[in-house]
Amino acid sequence: MTTISVTNVRMIFTKPVLTGISLAVQEGEFVSIVGPSGCGKTTLLRIIAGLLKPTEGSVLINGLGSREACRQHLLGYASQSPALLPFRTTRGNVRLTLEITGQNHTNYQPEDLLVQFGLEKAMELYPHQLSGGMRQRNAIAAAMIHKPPVILMDEPFGALDAILRNMLGDWLANILSTTGQTVVFVTHSISEAVFLSDRVVFMTPDGRLGTSFEVNLPRPRRRELRNDIHFANLVTRANQALDKITQGQDWRSQ
Amino acid sequence: MNERRAYILMVFSIPILWGIAVKASGLPAFVIPPPSLVAKVLIEVAGEFWFHTRATLEEAFAGYLIANVISLTLAVSFLYLPEFESFITPWMVLIRNIPFVTIASIMVITLGSDSPIPKLVIVVLITFYPILANVIKGLKSVDPVLLDRMEVLHASKWQVFIKVRWPTALPYYVAANEISFTASIIGAIAGEWLFAKRGLGFVIVRALMQYRADRLYAATLISSVLSVGAYILVKAIERWLFRWKADIRD
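Residues numbered from 1 in each chain as written. Chains lettered and ligands numbered in written order. Predicted model: local features only at pLDDT ≥ 70, side-chain atom pairs only at ≥ 80, totals over all residues. Heavy atoms only, no water.

**Let's talk about the overall build of chain A**
- Per the secondary structure count, chain A includes eight helices and ten strands.
- Compactness check: chain A gives a C-alpha radius of gyration of 18 Å against a globular reference of 18 Å for 254 residues, within 12% of the reference.
- Its C-alpha atoms put chain A at 50 × 40 × 35 Å along the principal axes.
- Buried positions account for 54% of the 254 residues belonging to chain A.
- Long-range pairs, those at least 24 residues apart, make up 68% of the contacts in chain A with a sequence separation of at least 6.
- In the structure as shown, chain A presents an accessible area of about 11100 Å², 51% of it carried by carbon and sulfur atoms.
- Charged side chains in chain A number 25 positive and 21 negative. The centres of these two groups are separated by 3 Å. (Helix = DSSP H or I, 4+ residues; strand = E, 2+ residues; numbered from the N terminus. Rg over C-alpha atoms; globule rule 2.2 N^0.38 Å. Buried < 20%, exposed > 50% of the residue type's maximum accessible area, 1.4 Å probe, protein only. Contact = heavy atoms within 4.5 Å. Areas by Shrake-Rupley, 256 points an atom, 1.4 Å probe, with all protein chains shown as cover. Lys, Arg positive; Asp, Glu negative; His and termini not counted. Charge placed at Lys NZ, Arg CZ, Asp CG, Glu CD.)

This is the structure in structure tokens:
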């Protein structure tokens, strides 16, 4: 069943940023969007989230427009910069989502989720007392506490170093393997996209959807998979696909 | 040295430095009274000083509260009605740049010198702008990523205001009060100095006319204690409100 349906989306700011984007994401599917800087990945995600209105085209989430999907709390959104209130604790920042959505605390326990996210010792700490990785996990927990069927992530590990990025990738793959949520994940990292996704979609520098390919690796995905030859082959294939898309592009324009 | 110790040191240093200055200047006591003489007059006419101090505090608090109501109302209006901000800003600039003494003088002519309004106007004019400017800045300084999160959660304007914008603006508001709360006392004294028949400003003018340096110094001492006390009170409230970032401060 299609959960997210993007049809013919076109977005113009001062110049066209997205052109003719159509994308269907199935229920429970993890789709990564990969592309060079400035190709419109974040704009597309913001349109899906209802934060931007496309110049043309439409987005449906479970058959509803993005704004209506937000109204029904169907979306969770996490970005590169963790959206945390500095004056709230780890627990308080997660609870904020429940306060806004008006959901019953007994059905949604921030404490349980924070234990699952490895933040049980940090529940009463404030964002400035957390490490970068902990802050990002806190932000993702806040985006997931109300159990939205769709999670949108915009380079959530983009500001972290490579080691931490891999560790959080392992952790996210493990978390999402149990929830069955539909995920759209924007990233620069091809290996991260391949490791986490069921499908990787490439965007061209001029804001169109390029090729995409299925990642037929078994789930749940464990850390050891990164050393698997099949995984390495898929990353190579993805790199080649991206090379083809960006061929002839002047790096000075980036 | 921490801040508290520095304040204690200042309190003990003042009479010592003052005594040295009196001796070194060689001027008579009716020009520069020694601390002992000022202490004596403070004790002798304590009731009279308390009456005037209370009058000053009443005017300062009243003006300060009015300034808060005006500033907070305007700041919130500016946030949600940007056109209103554009309309009001030139008026703010005009009011802010007319010397407050002239506005208050016009009010004395219109309302009479017994009216408390000219004094309140001076306090309000001195105190409202720092609060307004800081609160607007605070309300608009929310991380856009947080606003995105609120929008995706379909938060109402009220929820965004009460859970995100106001708590974010609170440190700015408290910082403005470090200036405004102290300035309210100075403003009240300035108003009394010009127009009143009671209050510390009035005591200062009368002492000046009667060449009573002991009373002038006593009134100055009380004014300083009130202003510094107001500042310390705001700092204490700030520390309590933002105790969660104690380790950042340390």
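**A word on the sheet that holds strand β4 (residues 56–61) of chain A**
Residue and element names in this part refer to chain A.
- Read across the open sheet, the four strands follow the order β2-β1-β4-β5; overall the sheet is antiparallel. This sheet does not close on itself; its edge strands, each paired only once, are β2 (16–26) and β5 (64–65).
- Examined bridge by bridge, strand β1 (residues 2–12) and β4 share five bridges and lie antiparallel to one another. Counted as the bridge partner of Ser 5 is Leu 60 from β4.
- Of the strands in this sheet, β1, β2 and β4 touch helix α1 (residues 41–48), which is tilted by about 120 degrees from β1. (Pairing = 2+ DSSP bridges. Axes fitted to C-alpha atoms, helices over the stretch in contact; angles between N-to-C directions.)

**Some points on the confidence of the model for chain B**
Residue and element names in this part refer to chain B.
- Predicted confidence across chain B gives a mean pLDDT of 90, with 98% of residues reaching 70 or more.
- At the level of individual helices and strands, chain B shows its lowest average pLDDT in helix α11 (residues 246–249), which scores 60, and its highest in helix α3 (residues 46–80), which scores 95.
- Across the interfaces of the predicted complex, the ipTM metric reaches 0.89, alongside a pTM of 0.85. (pLDDT = per-residue confidence, 0-100.)

**Some words on unusual backbone geometry**
Residues and elements named next belong to chain A.
- Between Arg 219 and Pro 220 the backbone carries a cis peptide bond, its omega angle lying at 0 degrees.
- Its location among the elements puts Pro 220 in the loop between β10 (209–214) and α8 (229–246).
- Positive phi, normally seen in glycine, also occurs at Asn 8, with a value near 50 degrees.
- Residue position: Asn 8 is located in strand β1.
- A positive phi is found at His 73, a non-glycine position, where the angle reads about 55 degrees.

**Considerations on the interface of chain A and chain B**
- If you look at the interface, chain A gives 29 residues, while chain B gives 20 residues.
- Where chain A touches chain B, the interface holds two salt bridges.
- A salt bridge links Lys 163 of chain B to Glu 99 of chain A; the shortest N-O distance between them is 2.9 Å.
- Inspection of the chain A/chain B interface yields seven residue pairs in polar contact (both at pLDDT 80 or more).
- Looking at the side of chain A that touches chain B, the elements that each hand over two or more residues are α2 (66–71), β6 (75–78) and α3 (90–101) of chain A.
- Considering each element in turn, the side of chain A that touches chain B owes the most residues, six residues, to α3 of chain A. (Salt bridge = Lys/Arg side-chain N within 4 Å of Asp/Glu carboxyl O. Polar contact = N/O pair within 3.5 Å; in protein donor to acceptor, adjacent residues only side chain to side chain.)

**Thoughts on empty space enclosed by the protein**
- One pass over the structure, following the stated rule, counts two cavities of 30 Å³ or more.
- Considering only enclosed or pocket space, the largest cavity measures out at about 60 Å³ in volume.
- Lining the largest cavity are Leu 75, Gly 76, Tyr 77, Thr 97, Ala 139, Ala 142, Ala 143 and His 146 of chain A together with Arg 149, Val 152 and Leu 153 of chain B.
- Of all the secondary-structure elements, those providing two or more residues to the lining of the largest cavity are β6 and α5 (132–144) of chain A together with α7 (144–152) of chain B.
- Volume-wise, the second largest cavity comes out at about 50 Å³.
- Together, Tyr 77, Ala 78, Ser 79, Ser 81, Pro 82, Ala 83, Gln 136, Ala 139 and Ala 142 of chain A together with Arg 149 of chain B line the second largest cavity.
- Only β6 and α5 of chain A provide two or more residues apiece to the lining of the second largest cavity. (1 Å grid on protein atoms, 1.4 Å probe; cavity = no way out; pocket = protein on both sides within 12 Å on 5 of 7 lines; lining within 4 Å. Points joined across faces, edges and corners; volume = space filled by probe spheres on them.)

**A few points about the pattern of salt bridges**
- Scanning the model with the defined rule gives 24 salt bridges over all chains in all.
- Ionic pairing is found between Glu 111 of chain A and Arg 91 of chain A, a salt bridge with its closest N-O pair at 2.5 Å. Of this pair, Glu 111 of chain A sits in helix α4 (residues 110–116) while Arg 91 of chain A is found in helix α3, placing the two residues 20 residues apart along the sequence.
- One salt bridge connects Glu 59 of chain B with Lys 119 of chain B, and the closest N-O pair in it is separated by 3.5 Å. With Glu 59 of chain B in helix α3 and Lys 119 of chain B in helix α6 (residues 117–140), the pair connects residues that are 60 residues apart, well separated along the chain.
- The class of Glu 59 of chain B is buried, set by a relative accessible area of 6%.
- Lys 119 of chain B sits in the buried class, given a relative accessible area of 7%.
- Counted as one network, the salt bridges with shared partners bring together Arg 91, Arg 95, Glu 111 and Glu 124 of chain A.

**Details of the nonpolar core**
- Of all hydrophobic cores here, the largest spans 59 residues; its most connected members are Phe 49, Leu 132, Leu 139 and Met 150 of chain B.
- If you tally residues by element for this core, the top one is helix α8 (residues 157–195) of chain B, at twelve residues.
- When residues no more than four places from it in sequence are discounted, the contact partners of Phe 49 of chain B are Val 41, Leu 42, Val 203, Arg 215, Ala 218, Ala 219 and Ile 222 of chain B.
- Ranked by size, the runner-up nonpolar core spans 49 residues in total, among them Leu 113, Phe 202, Val 235 and Leu 242 of chain A. (Core = buried A, V, L, I, M, F, W, Y, C linked by side-chain atoms within 4.5 Å.)

**Things to note about the side chain of Glu 192 of chain B**
All names here are of chain B.
- Inspection of the secondary structure puts Glu 192 in helix α8.
- Despite its burial, Glu 192 pairs with no opposite charge, the nearest such side chain being Lys 119 at 6.4 Å.
- Contacts of Glu 192, omitting those with residues within four sequence positions, involve Ala 55, Thr 56, Glu 59, Lys 119, Arg 198, Gly 199, Leu 200, Gly 201 and Phe 202.

**Concerning the sheet that holds strand β3 (residues 30–34) of chain A**
All names here are of chain A.
- Taken together, six strands build an open sheet; the order of strands is β6-β7-β8-β3-β9-β10 and the sheet is mixed. Each edge of the open sheet is held by one strand with a lone partner, namely β6 and β10. Strand-to-strand, the axes of this sheet are offset by a mean angle of 15 degrees, without reference to chain direction.
- Helix α6 (residues 162–179) contacts β3, β7 (150–154) and β8 (182–187) of the sheet and is inclined by roughly 165 degrees relative to β8.

**Thoughts on the pairing of β7 of chain A**
Residue and element names in this part refer to chain A.
- With respect to burial, β7 is a largely interior element, five of its five residues being buried.
- Neither face of β7 is exposed, since Val 150, Leu 152 and Asp 154 on one face and Ile 151 and Met 153 on the opposite face are all buried.
- Here β6 pairs with β7 via four bridges, running parallel. By the bridge assignment, Ala 78 is partnered in β7 with Met 153.
- Here five bridges tie β7 to β8, and the two strands are oriented parallel to one another. By the bridge assignment for β8, Met 153 is matched with Phe 185.

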